[in-house]
Amino acid sequence: MLLKRSKEEVVLLLLCGLSIPSILPFGIVRLFQGNFILATVDLLIVLGMLCIMVFVWRTRRVRFAGIAVTVFYSLGMLAAVYVKGVSIVFWVYPTMIAAFFILRAREALMINSVSLLCLLVILHDAMPLLDLSSVVVTLVLINLFSYIFSDRTSLQHFELNQQAEKDFLTGVGNRRAFDRQLQNLCKQGEPQTDACLLILDLDHFKKINDQFGHTVGDQVLIQFCSLLRARIRTADSFFRYGGEEFVVIAMGVDEFTAARFAEELRALVEKTELLPDYPVTVSIGVARRLAEEQGQAWFQRADAMLYAAKLSGRNAVRVAREDGV
């Protein structure tokens, strides 16, 4: 089964893939022309891009590969300018712009700044001062505009992701956010981390909507979330799974600690007046993640405990036994 590639992987693979047919013909032509130094530079860049493509495809580690590509590109560009001189200085522009597509804005700016200083050393005797100043000014402006664009785009992307993963009513994480965190927590090859799932369901919530209306029901949900957010730890995560069902991922706890925590939450909801003169309670199912257990199986065990809590009369906590009994 082919795993879906992240956008970072796709950008990196495309960049390397497009670089190879763009640079390889120049290396071959220069080889036949006897320009062995520049041909060697071109062919080394092609080989480096090919190695990075294979590395990214097999390991999916884009962070290291992105830095390697940018440094490799920059060194190849500087070597080509050093050997050939002013005639190929135009290659500096796409090389510096490409860095902002691969790396974070500050990292790209730092690498490009070092490259620009090296370029000044290489060209200071090869170009008239006015021409060299024009090149430097245009490169500085390109880096400045690219930095601003990259930084703003990253910020907007982060804000959009935050909004897309929040429940519009309660402000807690939504099901999309929960699925993503569960997937990250259960990644194959990741070290086992103690964590427990708590699935919470407000008891007889439909009756509240039917008797008082959905507006009142919404206020109950908002107050319920505010109550729990004030109690859970910063290390834990809180999500609205759907309707009146919520999930807490409690990190670094075993099932006994999670059971006590769930009982505290149950008692807290029971004694808090979320709706005047109307008792609001919650049922909770708890399950600790087993070694190598995938997210769906883990969730199903916690959900089974929630079902058991409801069958027992609601306003209860039930904990999955690790031995399955």
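Here, the structure is the one placed above.
**Q** I would appreciate a short explanation of the state of the cysteines in the present structure.
**A** A covalent bond between the sulfur atoms of two cysteines is referred to as a disulfide. Counted by the stated rule, this structure contains zero disulfides. The closest cysteine sulfur to the non-disulfide-bonded C51 is located on C16, 10 Å from its own sulfur. Classification of C51 as partly exposed rests on a relative accessible area of 46%. Note on C196: no disulfide assigned, nearest cysteine sulfur contributed by C186 at a separation of 12 Å.

**Q** How do you make sense of a nonpolar patch on the surface when you look at a structure like this?
**A** Taken together, the side chains of L24, I28, L31, F32, F36 and L43 present a nonpolar region at the surface, about 590 Å² in accessible area. Secondary-structure elements contributing two or more residues to the nonpolar patch are α1 (7-32) and α2 (36-59). Looking at which element gives the most residues to the nonpolar patch, the answer is α1, with four residues. With respect to the element layout, L43 can be found in helix α2.

**Q** Even after reading the chapter, I still don't get the packing of aromatic side chains, so can you show me in this structure?
**A** Two aromatic rings are characterised by how far apart their centres lie and by the angle between their planes. Scanning the entire structure with this criterion turns up 10 aromatic pairs. When the centroid spacing of 5.7 Å and the interplanar angle of 65° are considered together, the rings of F55 and F64 count as edge-to-face. In this structure F55 comes out as partly exposed when scored by relative accessible area, which is 24%. Among the aromatic residues, ring-to-ring pairing joins F178, F239, Y241 and F299 into one connected group.

Thresholds, definitions, all that
Residues numbered from 1 in each chain as written. Predicted model: local features only at pLDDT ≥ 70, side-chain atom pairs only at ≥ 80, totals over all residues. Heavy atoms only, no water. Disulfide = S-S within 2.5 Å. Buried < 20%, exposed > 50% of the residue type's maximum accessible area, 1.4 Å probe, protein only. Patch = residues over 30% accessible without salt bridge, like charges linked within 9 Å, V, L, I, M, F, W, Y side chains within 5 Å. Areas by Shrake-Rupley, 256 points an atom, 1.4 Å probe, with all protein chains shown as cover. Salt bridge = Lys/Arg side-chain N within 4 Å of Asp/Glu carboxyl O. Helix = DSSP H or I, 4+ residues; strand = E, 2+ residues; numbered from the N terminus. Phe/Tyr/Trp six-rings, centres within 6.5 Å; stacked < 30°, edge-to-face > 60°.

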